[in-house]
Amino acid sequence: MARLENLFKAQSKRVLNVYCTAGYPDLNSTLQIMESLQENGANIIELGMPYSDPLADGEVIQRSSLHALSNGMTLQVLFEQLQEMRKTIHIPVVLMGYMNPILQFGFEAFCARAKEVGVDGLILPDLPLYEFENIYGKTIKDNGLDFIFLVTPETPEERLRKLDSLSSGFLYAVSSSATTGKDKDFTQVAIYLERLQQMNLKNPILVGFGIKDKQSFDAVNEFTNGAIIGSAYINALSKGEDVGVITKEFLNEVLGN
Amino acid sequence: MQAFNTQVNYQNPSIEGYYGEFGGAYIPEMLFKNVETLKAEYLKIMQDPAFIAEVDALLKDYVGRPTPLFFAERLSKEIGANIYLKREDLCHTGAHKINNTIGQIVLAKRLGKTKIIAETGAGQHGVATATVCALKGMECVVYMGEKDIERQAPNVARMKMLGATVVPATSGSKTLKDATNEAIRAWINEPNETHYIIGSVVGPHPYPDMVARFQSVISKEMRLQLKEKLGNELPTHVVACVGGGSNAAGAFYHFLNEPTVALVAVEAAGHGVHSGLSAATTQLGTHGILHGSKSIVMQTNDGQVVEPHSISAGLDYPGIGPLHAFLYESKRGTFLSATDEEALASAFHISQIEGIIPALETAHAFSVLPKLGLKPTDVVVVCLSGRGDKDLATYMEHL
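Residues numbered from 1 in each chain as written. Chains lettered and ligands numbered in written order. Predicted model: local features only at pLDDT ≥ 70, side-chain atom pairs only at ≥ 80, totals over all residues. Heavy atoms only, no water.

J.: Can you lay out the overall build of chain A for me, pointing to particular residues and giving the numbers?
T.: Broken down by element type, chain A carries 12 helices and 9 strands. Its C-alpha atoms put chain A at 45 × 45 × 35 Å along the principal axes. Looking at the 257 residues of chain A, the share that counts as buried comes to 63%. Long-range contacts, defined as pairs at least 24 residues apart, comprise 74% of the intrachain contacts of chain A with a sequence gap of at least 6. If you sum the accessible surface of chain A, you get close to 9,500 Å²; carbon and sulfur atoms cover 48% of it. Computing the positive centroid from 22 side-chain charges and the negative centroid from 32, chain A places the two 4 Å apart. (Helix = DSSP H or I, 4+ residues; strand = E, 2+ residues; numbered from the N terminus. Buried < 20%, exposed > 50% of the residue type's maximum accessible area, 1.4 Å probe, protein only. Contact = heavy atoms within 4.5 Å. Areas by Shrake-Rupley, 256 points an atom, 1.4 Å probe, with all protein chains shown as cover. Lys, Arg positive; Asp, Glu negative; His and termini not counted. Charge placed at Lys NZ, Arg CZ, Asp CG, Glu CD.)

J.: I'd love a proper account of the overall build of chain B, names of residues and values included.
T.: Looking only at helices and strands, chain B features 16 helices and 14 strands. In terms of C-alpha radius of gyration, chain B reaches 19 Å, essentially the compact-globule figure of 21 Å for 399 residues. Based on the C-alpha atoms only, the size of chain B along its principal axes is roughly 55 × 50 × 45 Å. Counting only residues that meet the buried cut, chain B has 65% of its 399 residues in that class. Taking as baseline every contact in chain B between residues at least 6 positions apart, the subset at least 24 positions apart corresponds to 73%. Of the charged side chains in chain B, 34 are positive and 41 negative; the average position of the first set lies 4 Å away from that of the second. (Rg over C-alpha atoms; globule rule 2.2 N^0.38 Å.)

J.: Give me the lowdown on the pattern of salt bridges, citing residues and values where you can.
T.: Residue and element names in this part refer to chain B. Using the criterion set out here, one finds 37 salt bridges over all chains in the structure. In this structure, Asp 209 engages Arg 213 in a salt bridge whose closest nitrogen and oxygen atoms are separated by 2.9 Å. Residue Asp 209 and its partner Arg 213 are both found in helix H9 (residues 207-215); the two are separated by 4 residues, about one turn of the helix. Here Asp 209 falls in the buried class, since its relative accessible area comes to 2%. Note that Asp 391 is salt-bridged to Lys 390, the shortest N-O span being 2.8 Å. Relative accessible area serves as the criterion here: at 7%, Asp 391 is assigned to the buried category. (Salt bridge = Lys/Arg side-chain N within 4 Å of Asp/Glu carboxyl O.)

J.: An account of the state of the cysteines is needed here, citing residue identities and associated values.
T.: Here the structure, examined in full by the defined rule, presents 0 disulfides over all chains. Lacking any disulfide linkage, Cys 140 of chain B is separated from the closest cysteine sulfur, that of Cys 133 of chain B, by 3.7 Å. (Disulfide = S-S within 2.5 Å.)

J.: Report on the packing of aromatic side chains, specifying residues and quantitative values.
T.: Applying the stated criterion across every chain yields a total of 19 aromatic pairs over all chains. For the ring pair Tyr 233 of chain A and Phe 250 of chain A, a centre distance of 5.4 Å and an interplane angle of 50° mean the geometry is tilted. Here Phe 250 of chain A lies in helix H12 (residues 243-255) and Tyr 233 of chain A lies in helix H11 (residues 231-237), a separation of 17 residues in the sequence. Classification of Phe 250 of chain A as buried rests on a relative accessible area of 12%. Each residue in the set Phe 79, Phe 105 and Phe 110 of chain A is aromatic and connected to the rest through ring pairs, giving one cluster. The cationic tip of Arg 159 of chain A hangs over the ring face of Phe 32 of chain B; the distance from NZ or CZ to the ring centre is 3.3 Å. (Phe/Tyr/Trp six-rings, centres within 6.5 Å; stacked < 30°, edge-to-face > 60°. Lys NZ or Arg CZ within 6 Å of the ring centre and 35° of its normal.)

J.: A description of the environment of Ala 179 of chain B should follow, citing residues and the corresponding values.
T.: Residue and element names in this part refer to chain B. Turning to its location among the elements, Ala 179 is positioned in helix H8 (residues 176-189). Residue classification places Ala 179 among the buried positions, given a relative accessible area of 0%. Considered as a pair, Ala 179 and Pro 168 are 11 residues apart in the sequence and their alpha carbons are 7.7 Å apart. Among all residues touching Ala 179, those that are not within four sequence positions of it are Glu 119, Thr 120, Tyr 143, Met 144, Gly 145 and Ala 169.

J.: Go over helix H8 (residues 157-166) of chain A with me, naming the residues and quoting the values.
T.: Side chains of residues three or four places apart in an α-helix project in the same direction, reflecting 3.6 residues per turn. Looking only at H8 of chain A, the buried set comprises Arg 159, Leu 160, Leu 163, Asp 164 and Leu 166 of chain A. Looking at the buried positions of H8 of chain A, the neighbouring elements they touch are helix H7 (129-142), strand S5 (146-147), strand S6 (150-151), strand S7 (171-174) and helix H9 (186-198) of chain A together with helix H1 (32-46) of chain B.

J.: Explain the domain arrangement of chain B to me, and be specific about the residues and the numbers.
T.: Residues and elements named next belong to chain B. By domain assignment, chain B separates into domain 1 (26-57 + 98-211) and domain 2 (64-95 + 216-396). Look at where the C-alpha atoms of domain 1 and domain 2 centre, and you get two points 23 Å apart. With 29 residues of domain 1 at the contact, the number on the domain 2 side is 30 residues. Between domain 1 and domain 2, roughly 2,300 Å² of surface is buried when both sides are summed, and carbon and sulfur atoms account for 59% of that area. Between domain 1 and domain 2 we count 0 salt bridges in total. Viewed at the interface, domain 2 and domain 1 are joined by 9 residue pairs in polar contact (both at pLDDT 80 or more). Counting residues per element, the side of domain 1 that touches domain 2 draws most heavily on H8, at 5 residues. Of the residues contributing to the side of domain 1 that touches domain 2, the split by class is 13 nonpolar, 13 polar and 3 charged. (Domains from an automatic or database assignment. Buried area = accessible area lost by both parts, 1.4 Å probe. Polar contact = N/O pair within 3.5 Å; in protein donor to acceptor, adjacent residues only side chain to side chain. Nonpolar A, V, L, I, M, F, W, Y, C, P; charged D, E, K, R; others polar.)

J.: Now, about the interface of chain A and chain B: what can you tell me, with residues and values included?
T.: The interface is formed by 43 residues belonging to chain A together with 38 residues belonging to chain B. For the pairing of chain A and chain B, the buried interface totals around 3,300 Å² over both sides, and the portion due to carbon and sulfur atoms is 55%. Our count for the contact surface shared by chain A and chain B stands at 3 salt bridges. Where Lys 33 of chain B meets Glu 154 of chain A, a salt bridge forms, and the shortest distance between an N and an O atom there is 3.1 Å.

J.: Could you give an account of H8 of chain B, with specific residues and numbers?
T.: Taking 1.5 Å of rise per residue, the 14 residues of H8 of chain B would be expected to cover 20 Å, and the 20 Å separating its terminal C-alpha atoms lies within 8% of that figure. Counting buried positions along H8 of chain B gives 12 out of 14 residues, so the element sits mostly inside the fold. (Expected span 1.5 Å × (residues − 1).)

J.: Quick one: what's the story with the nonpolar core, residue by residue and with numbers?
T.: Among the nonpolar cores identified, the biggest contains 192 residues, and Leu 95 and Phe 170 of chain A are the most heavily contacted of them. Looking at this core, the element that brings in the most residues is H8 of chain B, giving 7 residues. Here this core spans two domains, since at least three of its residues come from each of domain 1 (26-57 + 98-211) and domain 2 (64-95 + 216-396) of chain B. Formed by 26 residues, the second largest nonpolar core is a distinct cluster that contains Ala 72, Ile 350, Ala 365 and Leu 372 of chain B. (Core = buried A, V, L, I, M, F, W, Y, C linked by side-chain atoms within 4.5 Å.)

J.: Give a detailed account of the sheet that holds strand S9 (residues 226-229) of chain A, specifying residues and quantitative values.
T.: Pairing within the open sheet is parallel, and its 9 strands lie in the order S5-S4-S3-S2-S1-S9-S8-S7-S6 (chain A). The sheet is open, and its two edges are formed by S5 and S6 of chain A, each paired on a single side. (Pairing = 2+ DSSP bridges.)

J.: Go over the pairing of strand S13 (residues 333-339) of chain B with me, naming the residues and quoting the values.
T.: Residues and elements named next belong to chain B. With respect to burial, S13 is a largely interior element, 5 of its 7 residues being buried. Two strands pair when backbone bridges link them, and strand S10 (residues 262-270) and S13 are joined in this way by 7 bridges, in the parallel orientation. Bridge pairing in S13 places Val 266 opposite Leu 336.

Rendered as structure tokens:
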């Protein structure tokens with residue numbers, strides 16, 4: 001898929017990727033939220049596939065996931081919701097989730113369906129490098145999907161270069177070793193991001209974990225191509241007001257519009 | 001998709017932690033450094049003579065090992081075979097769990113860690129962890145499901161008295177599965193100074209192998225004791241209960257490559273395997289990934305992990321260690337189950353014919369003895385994994 005590649009060709013700074021949980025707050029709000037994100041300035045949509053045991057996520061995203069599951073969200077339902085998405089959604093869409101539900105769906109069937117509905121890439125935090133290289137990576141690439149690895153401040157340089165070489169679309173830089181939704185000390189983050197910047201990696205870098213408002217978005221943009229916002233947006237959605245209004249207010253604040 | 005590891009030496013998973021197709025380390029990158037360090041160091045440390053000497057001395061003088069191998073005369077007569085009980089209930093803190101926590105605390109010190117985290121269901125592993133942290137002067141935080149905290153008040157009190165902080169896991173179903181999620185998250189958030197002591201043969205590689213090795217002292221002693229008592233170190237059967245499977249892994253370990261020894265694992269059937277309230281993972285589960293390893297997992301068709309049920313909190317887990325998944329699929333192990341009712345009946349029966357009140361978990365193992373078709377010449381070792389004091393509240397309801 002060329003959407004991610006084309007996006008970063010056209011825009012190398014302040015790329016905003018916003019995470020939302022499929023089926024949250026309502027089972028059928030998925031597409032409405034995606035349209036609203038696109039309309040209000042998000043550049044990429046990271047759509048979370050809810051899982052009962054999301055290890056890499058903090059409590060905000062876990063709560064939204066459990067809520068979405070109790071709304072009746074499944075991968076089957078999600079792909080039905082996304083069947084027509086490319087009629088209205090023109091920005092890149094990446095699916096984020098955990099391996100277990102995908103294995104139950106069937107990994108090959110999952111990749112084929114993702115491709116069919118127009119998904120651009122995958123973020124699967126618990127798919128390890130070894131298993132990616134030996135089993136699953138080929139299926140992902142054969143379906144033309146980008147795969148985005150996570151890197152952290154603790155990832156050794158050699159491994160980081162390898163994860164970069166196997167990723168496409170962008171590289172997801174976790175701002176510190178933490179689950180999502182935690183506050184961060186940005187001076188430490190800045191040192192790390194500067195180091196990443198100097199490594200001349202193949203992929204654009206988006207920073208995630210701890211980005212929640214204009215100030216933190218501006219801060220990381222000094223060193224990278226943009227950022228990913230998740231928990232802060234889910235928190236905003238959890239207030240239960242009209243998702244269109246919330247999304248507009250939220251993105252206007254982050255983007256300084 | 002090819003299988004990962006076709007080796008049949010059950011004692012040694014592949015370099016990536018696979019027993020057949022089960023195992024591995026399905027962890028987010030945030031845990032990579034911790035797990036990689038552990039993977040690189042654990043065998044080296046565990047094979048260091050000074051480490052072995054330190055652990056052995058603690059097992060002897062602090063835990064009280066070797067634990068006796070007791071010939072259960074009345075039970076043997078009743079079943080019609082020679083039944084021996086491996087008395088892990090006589091370990092300090094009342095169960096086999098401390099074999100692993102002793103090993104891991106000494107290992108954590110070698111790794112330069114200053115803080116320990118652990119998960120616990122019934123609280124036995126939490127108590128065993130709090131105990132060794134007190135012994136070694138380490139900070140200890142135990143994650144425990146909010147529901148389990150209510151159900152297991154005496155063990156919560158023990159952990160607190162031992163100086164540990166008990167943190168309620170309030171996410172998801174608020175039981176062991178979620179306590180494990182919370183402990184893993186806490187490890188992600190403080191990776192450098194913290195070591196995570198997993199209580200069973202579950203989790204990402206190298207935990208299943210490391211915990212199995214620390215628990216393998218159980219079967220090492222069994223062989224020596226059988227040799228001394230009977231002149232033959234191989235029994236015909238070893239029987240153990242299985243939740244995640246740590247006592248079974250320890251009791252089976254030195255017999256894994258002895259094909260004449262039947263390895264019998266007993267899961268908790270709850271209200272009955274197909275009642276909808278059960279924890280018989282191999283009977284109800286399908287291949288999946290839980291807590292960082294590929295194994296057999298109780299889950300919905302959509303891949304969401306379900307909450308199991310067992311009267312014994314120690315067996316109330318929706319997964320099983322990857323070694324056991326491999327024993328099940330390769331048919332090296334025989335997997336049976338016992339219901340809540342059968343386990344309760346066994347607990348009372350063993351108390352009254354042998355004078356030993358077993359833990360509810362262990363009671364499941366006794367329940368299958370009449371179903372094994374044993375002969376008078378058979379030599380059966382039951383791993384008596386823990387004592388029943390912690391289950392008195394449940395037992396009192398049935399007196």
